[in-house]
Amino acid sequence: MGQTALPSRDPPSYREAMTTCEPVVLWHGLAPSEVLARLGVTSEGLTAPEVVERRARFGPNQLEVRKRAPLWVVALRQFRSPLIAILLIAGAITLVLQDWIDATAILIVLVLNASIGFWQETRAEREMLALASMTVPAARALRDGHVIPLPAVDLVPGDIVMLESGEQIAADIRVLDAHVLQVDESMLTGESEQVQKVPAAVSEHAGLGDRLGMLYSGTFVTSGRGRGVVVATARDTELGRINELVQTTSERTPLQQSIRSLERRIGIFVAAVAATVIVTGLVLGENLETVFLSAIAMAVATIPEALPVVMTIALAIGVRRMAAQGAIVRTLPAAETLGSTTVVASDKTGTLTENRLTVERLWVPSDGVLEVSGLPHPPAGVLRNLVEAGALVNESHAPVDEEHGFIGDSVDVALATLARALGVTRGGSELPDQVAHLPYEPQNRYSQSLRRDGEGSAPLTLYVKGATELVLSMCSSEDGGGSLDDAARQRVRDAHDQLARDGYRVLALARRHVTADEISVPDLPSPTGLALLGLVALTDPPRAEALESVALCVGAGMRVIMVTGDHPLTATTIARRLGIAHCDDVITGDELSGLDDAELARRVAQVGVVARVSPSDKLRVVQALQANGETVAVTGDGVNDAPALKAASIGVAMGKSGTDVARAASDVVLTDDRFATVVEAVRQGRIVFSAIRKATFFLLSTGFGIMLAVSISFFLEQPLLLIPVQVLWINVVTSGLQDVALAFEPAEGDELTRPPRAAREGILSRELWLRTVISASWMAGVLLITFQLALAAGYDIERVRTITMTVFVIMSFFQSGSARTERRSLFTVSPFSNPFLIITALGALGLQWLAMTWPVSAAVLGLVPLTLGQWVGCALAASSVLGLIEAEKFVRRVRASARARAE
């Protein structure tokens, strides 16, 4: 056996083509002989020297995993925020001024914030490891004329491999020959039906699901056997391309974008005001230490140090609630992003549908179309004959027990399941003995089974199942003796066409009795002179709860579109049954490839179905929706969904039926695989955002109030209103406790009846920004007046600051209550619906009292004890902020009511 010379230049791999601009070889469009010639391989397989050379050129057959950032890099990233930068500068200045107490307090806040961010960012992302885990451990290849087992990692392009039922495919392979070779490609294409593979070439423009001569890495051989040649390994496989897409597509969530925007705005504002205070103070000849301490106090007062803590707690609470509903959130920000979703781009197979073929309708000549759900149990007459025939011309295996379904071809499983469900069979053991059978072959388009109706010389019956037109041509009568004239044949065709238009896969079944003379030869009797039993209509049905879930999505202001690798007719039929809007407006993969990004963005703005798409097509659809300003949630369960799941604002994977790759690339995993759980998760996400919004309003309004008061007091040439350590005490300990408690706010009940928040709105709405300015200005005014009155009363500066600080702590108490609702009056909300807020609000007052009465804390914070009369005076002054906010809410309610009446 001579050695085959390796071609001087192999056809370019996908990776090489991308870097050299050479065209990728479309292996599915080449005949097997041409494929072997271009790879430089004979039917004897590769030789050992050829294997060594090709392994050196193409590398091992395994996916590369992206390297994770070192922990020290992750730690440094926590200090990129402009707010943290300001605190760092403030801490450095206090160190220079040897103000050890303030410096220590600022350092503690910095470490706390960095620790929280580090913990969140190091939560494990496993999508690359999951993809790598799909590598097949072993394969069988023909080398030097012998079939040898070898690790799948050792396969190289040009290896001829042997395939059998139950094996996972180790690389992208061009089929050379096949015997009833069927493959489950649902993880890659989204189609629930198994695909019959043949060696013949197909059009170069064929979509992934139509390349019948190709086998793809990670898919499974469900039946039959075959032989093929490896054409791509590792990164160059379809699975490898998905790996590349998953690694390179990542977007910040809307909440992360809003927080980043808010941090920038606050940072710029604080830096500008601090610079103004410093410059003005120096120009006016103020003491350098006083100038810097005033600027630091103002900056510390404004920066919402507790915001990262609040967000983490609110998101963690949302995660816990979602887990109780069957949605496991893998990244904390995803808990809120679900609530911001405007478009749900859902896969069909396994997400909206059950991912199993089911017989839904039957057609018999005497009764026409019948719904299976309405059939008697068991059926009689011709109906029974039709159902029984489906179980008899069938290669599925009977279940071992009642808890497991049939095993085999999806069509055969559906027919066998129907027969058992209707009581026609009990599982397979009582069926008539099979004398001979002809399995389904694509070129034949039918299968047949010869059954003996009893023992010994009992009569024989031939059962046939296949394409309607073909089986109809084999029939001469209808079961029961009816004639099959031209009119009757046309009725059969019309019934088939209508069922096909409704999105069903339609098969015909027929039978006839066979005489002993006909089986005197080894071959099966000729399938002619049959009696037509009827038609069966199969589909992958929608999940029972999916229709209601889609309606709830629409009611919550979200658009649902179906993005699938399945055929357009099947996809639109299911979409129509689910009530998906614009489902007749379909984009196919072929059409999508001819659209540029701008044109695609215009098309996806209205369509209800995107069908026959590849993984990269799904990714483009998601990116086009995002380019339109949509917050996109993608649901899916297959490897083909992974790039879109990763790129989406929120990726939702199925936990039971989903692949490891889909689960690892997602942000949320549904443990029950129910689309309805997505809707409940959206509701919980909106509750989470509402809690974060309320807490942010409370933090900013109180922080801006102190900042205004400190800044104005500086320009009034009076003693410092509050020193930095006092401001930190208020922000972190007293107000911070109440802010955290707002993260526990319960639902208000209207979460699924209001539209999603606008992407540009940010954390606070325009209405809440205005309320923040109003309440902050009011609180600043109350603090300044209190400070002036206390100075005028002749109190020492420690008591003046203690009184001022206590007024603010009590104002925070009332402001935390006002923050619980946006428009409703606080007095319409039960105070016990958030008991943690009551505890922390009262606890803040208790801590303030303790801080001023315990000598150690009083010395550190510069406080003195207050009399009961002073406490009462502080409470009266502070309560004014509650009256102000209640009046503002009342005005808004009146205006909203007037607008509603006018409309």
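Residues numbered from 1 in each chain as written. Predicted model: local features only at pLDDT ≥ 70, side-chain atom pairs only at ≥ 80, totals over all residues. Heavy atoms only, no water.

**Here's the deal with a nonpolar patch on the surface**
Then step 1. There is a patch of nonpolar side chains on the surface, built from Trp849, Leu850, Trp854, Val856 and Val860 and spanning about 500 Å² of accessible area.
Then step 2. As for its placement among the helices and strands, valine 860 is situated in helix H31 (residues 855-861). (Patch = residues over 30% accessible without salt bridge, like charges linked within 9 Å, V, L, I, M, F, W, Y side chains within 5 Å. Areas by Shrake-Rupley, 256 points an atom, 1.4 Å probe, with all protein chains shown as cover. Salt bridge = Lys/Arg side-chain N within 4 Å of Asp/Glu carboxyl O. Helix = DSSP H or I, 4+ residues; strand = E, 2+ residues; numbered from the N terminus.)

**Describing the pairing of strand S17 (residues 530-539)**
Then step 1. S17 sits mainly inside the fold: 10 of its 10 residues count as buried.
Then step 2. Here strand S15 (residues 475-478) pairs with S17 via 3 bridges, running parallel. Pairing of glutamate 478 across the sheet is with leucine 532, part of S17.
Then step 3. Both strand S16 (residues 505-514) and S17 contribute to a ladder of 7 bridges, which runs antiparallel. The residue bridging alanine 508 from the neighbouring strand is leucine 535, located in S17. (Buried < 20%, exposed > 50% of the residue type's maximum accessible area, 1.4 Å probe, protein only. Pairing = 2+ DSSP bridges.)

**Describing the pattern of salt bridges**
Where side chains of opposite charge bring their charged atoms close, a pairing between them can arise.
Then step 1. Applying the stated criterion to the full structure yields 27 salt bridges.
Then step 2. Linking arginine 771 and glutamate 888 is a salt bridge whose minimum nitrogen-to-oxygen distance equals 2.7 Å. Taken together, the residues span a long stretch of sequence, with arginine 771 in helix H28 (residues 766-792) and glutamate 888 in helix H33 (residues 880-902) at a distance of 117 residues. With respect to class, arginine 771 is no different from glutamate 888; both count as buried.
Then step 3. Through salt bridges that share partners, Glu767, Arg771, Arg823, Glu888 and Arg892 make up one connected network.

**Observations regarding the packing of aromatic side chains**
Then step 1. As enumerated under the stated definition, the model contains 2 aromatic pairs in all.
Then step 2. When the ring of phenylalanine 744 is compared with that of phenylalanine 836, the centres are 4.8 Å apart and the planes differ by 65°; the resulting orientation is edge-to-face. With phenylalanine 744 in the loop between helix H27 (724-742) and H28 and phenylalanine 836 in helix H30 (residues 835-853), this residue pair connects regions lying 92 residues apart in the sequence.
Then step 3. Assessed through its relative accessible area of 30%, phenylalanine 744 is described here as partly exposed.
Then step 4. Accessibility expressed as a relative area gives 32% for phenylalanine 836, which makes it partly exposed.
Then step 5. Ring geometry for phenylalanine 813 versus phenylalanine 814: centroids 5.4 Å apart, planes at 80°, classification edge-to-face. (Phe/Tyr/Trp six-rings, centres within 6.5 Å; stacked < 30°, edge-to-face > 60°.)

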